[in-house]
Amino acid sequence: MTYTSYVAIGDSFTEGLNDPGHDRHFRGWADRVAERLAALEPGFRYANLAVRGKLLEQIVEHQVPAAVELKPDLITFCAGGNDLLRPGGDPDRMAKTFARAVRDLRAMGAEVVLFTGVDPRDTPLMRHVRGRCATFYLHVRSIADLYGCRVVDQWSMQSLRDWRAWSEDRLHMNAEGHRLVAAKVCEVLGVPSEDDWRYTWPPRERVDRRVKLREDRLWLREHLLPWVGRRLRGRSSGDAVDPKRPSLGPYLTMADAKTPPGDART
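Read on for a plain summary of the structure.

## Considerations on the overall build of the chain
For step 1, the next point in the chain: On a plain count of helices and strands, the chain comes out with nine helices and six strands.
For step 2, the next point in the chain: The 266 residues of the chain split such that 48% are buried.
For step 3, the next point in the chain: Partitioning the intrachain contacts of the chain with sequence separation of at least 6 by distance along the chain shows that 75% fall at a separation of at least 24.
For step 4, the next point in the chain: Of the accessible surface of the chain, which amounts to about 13800 Å², a share of 51% is contributed by carbon and sulfur atoms.

Shown next, in the form of structure tokens:
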């Protein structure tokens, strides 16, 4: 199946943190998937409404209606990760909100792709909410069955269990992680990809314990404490961030989008 238009909605994962792009924007798995779809379909259009730090209710309130209004062929919807990290995150209550959003997205006729999260058992910041995550992602699978959605199962992606797929904050994937997720999404959609999400990482040299302790202290100071501080102040990393691709348009890299019409490019 080919797609002529695609809208991505969600939080930092879908926005593309921390996969470096152009002009201070991130690339991410969704842009990588859009690039593949654009290569297969002339006139393909793409929008990415995702904003880092957003909670499920915020995504459902703002991004879901915007996606419905754009009337794309394909929508990817991943949300809830930020809620699950918070003390009051209730996976059963979240599932009801999530299901209503999926119903609305499917009602306008789009193909909808949902996601489970990565198994957090190796993640210091998320290990304590593993049961909560498992419950919510079982709900996501049930909702997918109910409304006829495809599912990208990151929980089973062993390639994402390696820290080399993650950035220094230990919460967001790096370029390699986003590349692996894009390959998985392409497989779920039946779209050819040059990458394989079943990637096996080469053996890693053993890290000296003292080096590991220094890395842990740096992570605590540079990433964990600022994250906790924002939670305590009721602030979000996405408070002053707008969607990087707010409307459907031809797929262009951020560098292409800055090139004036008529300029010759090799």
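Further notes follow.
## With respect to the pattern of salt bridges
For step 1, the next point in the chain: Here the structure, examined in full by the defined rule, presents 16 salt bridges.
For step 2, the next point in the chain: The closest approach of N and O atoms between Arg 103 and Asp 104, which form a salt bridge, is 3.5 Å.
For step 3, the next point in the chain: What makes Asp 104 partly exposed here is its relative accessible area of 36%.
For step 4, the next point in the chain: By sharing partners, the salt bridges in this structure join Asp 31, Lys 244 and Arg 245 into a single network.

## Regarding unusual backbone geometry
A negative phi angle is the norm for most residues apart from glycine, just as the trans form is the norm for most peptide bonds.
For step 1, the next point in the chain: In this chain, Leu 17 is followed by Asn 18 through a cis amide linkage whose omega measures -10 degrees.
For step 2, the next point in the chain: With respect to the secondary-structure elements, Asn 18 resides in the loop between helix 1 (12-15) and helix 2 (28-40).
For step 3, the next point in the chain: Not every positive phi belongs to a glycine, and Lys 71 is a case in point at roughly 55 degrees.
For step 4, the next point in the chain: By relative accessible area, which is 59% here, Lys 71 ends up exposed.

## Things to note about the packing of helix 3 (residues 56-70) against helix 5 (residues 91-107)
Angle between the axes and distance between the axes are the two parameters that describe a pair of packed helices.
For step 1, the next point in the chain: At a minimum axis distance of 10 Å, the contact between helix 3 and helix 5 shows a crossing angle of 5 degrees. Judged on the interaxial angle alone, helix 5 and helix 3 are roughly parallel. Mapping the contact onto sequence places Leu 56, Glu 57, Val 60, Val 64, Ala 67 and Val 68 in helix 3 and Arg 93, Met 94, Thr 97, Phe 98, Ala 101, Asp 104 and Leu 105 in helix 5.
For step 2, the next point in the chain: Looking at the contact of helix 3 with helix 5 residue by residue, the class counts come to nine nonpolar, one polar and three charged.

## Digging into the environment of Gly 10
For step 1, the next point in the chain: For Gly 10, the position within the fold is in strand 1 (residues 5-10).
For step 2, the next point in the chain: Taking the relative accessible area as the measure of exposure, Gly 10 reaches 0% and is therefore buried.
For step 3, the next point in the chain: With 44 residues separating them in the primary sequence, Gly 10 and Lys 54 have C-alpha atoms 7.5 Å apart.
For step 4, the next point in the chain: Those residues within four positions of Gly 10 in sequence are excluded, and the remaining contacts are Ala 50, Val 51, Ile 59, Gln 63 and Cys 78.

## Topic: the packing of aromatic side chains
For step 1, the next point in the chain: The tally for this structure, following the rule as stated, stands at eleven aromatic pairs.
For step 2, the next point in the chain: Relative to Trp 166, the ring of Trp 163 has its centre 6.4 Å away and its plane inclined at 65 degrees; by these criteria the two rings are edge-to-face.
For step 3, the next point in the chain: According to the relative accessible area criterion, Trp 166 is buried, its value standing at 16%.
For step 4, the next point in the chain: Across the ring face of Tyr 199, the terminal group of Arg 179 is positioned such that the distance to the ring centre comes to 5.8 Å.
For step 5, the next point in the chain: The ring of Trp 197 carries Lys 184 above its face, with NZ or CZ at 3.8 Å from the centroid.

What counts as what
Counting restarts for each chain, with residues numbered from 1 along the sequence as it is written. This being a predicted model, a pLDDT of at least 70 is required before a residue's local features are given, and a value of 80 or more before pairs of side-chain atoms are given or counted; all residues contribute to the totals for chains, interfaces and linings. In computing side-chain values, all of the structure's heavy atoms are included and hydrogens and water are not. Runs of H or I in DSSP of at least four residues are treated as helices and runs of E of at least two as strands, each being numbered from the N terminus. Note on exposure labels: buried denotes an accessible area under 20% of the residue type's maximum, exposed denotes more than 50%, and partly exposed covers the range between, all computed with a 1.4 Å probe on protein chains only. Here a residue-residue contact requires only that any non-hydrogen atoms of the pair lie within 4.5 Å. Here the open area of atoms and residues is found with the Shrake-Rupley method and a 1.4 Å probe, where only the protein chains shown may cover a residue. Any carboxyl oxygen of Asp or Glu that lies within 4 Å of a side-chain nitrogen of Lys or Arg is treated as forming a salt bridge with it. For helices, the fitted line uses only the C-alpha atoms of the stretch in contact; every axis is such a line through C-alpha atoms, and the angle between N-to-C directions lies from 0 to 180 degrees. Should an angle lie under 35 degrees it is considered roughly parallel, over 145 roughly antiparallel, and from 65 to 115 roughly perpendicular; all remaining angles are considered oblique. Residue classes follow a fixed rule: Ala, Val, Leu, Ile, Met, Phe, Trp, Tyr, Cys and Pro count as nonpolar, while Asp, Glu, Lys and Arg count as charged, and any other residue, Gly among them, counts as polar. Two aromatic rings from Phe, Tyr or Trp, using only the six-membered ring of Trp, form a pair when their centres are within 6.5 Å; if the ring planes differ by under 30 degrees the pair is stacked, by over 60 it is edge-to-face, and anything between is tilted. In this scheme, Lys NZ or Arg CZ marks a charge over a ring once it lies within 6 Å of the ring centre and within 35 degrees of the ring normal.

Such coordinate-based values are descriptive only and should not be taken to indicate function.
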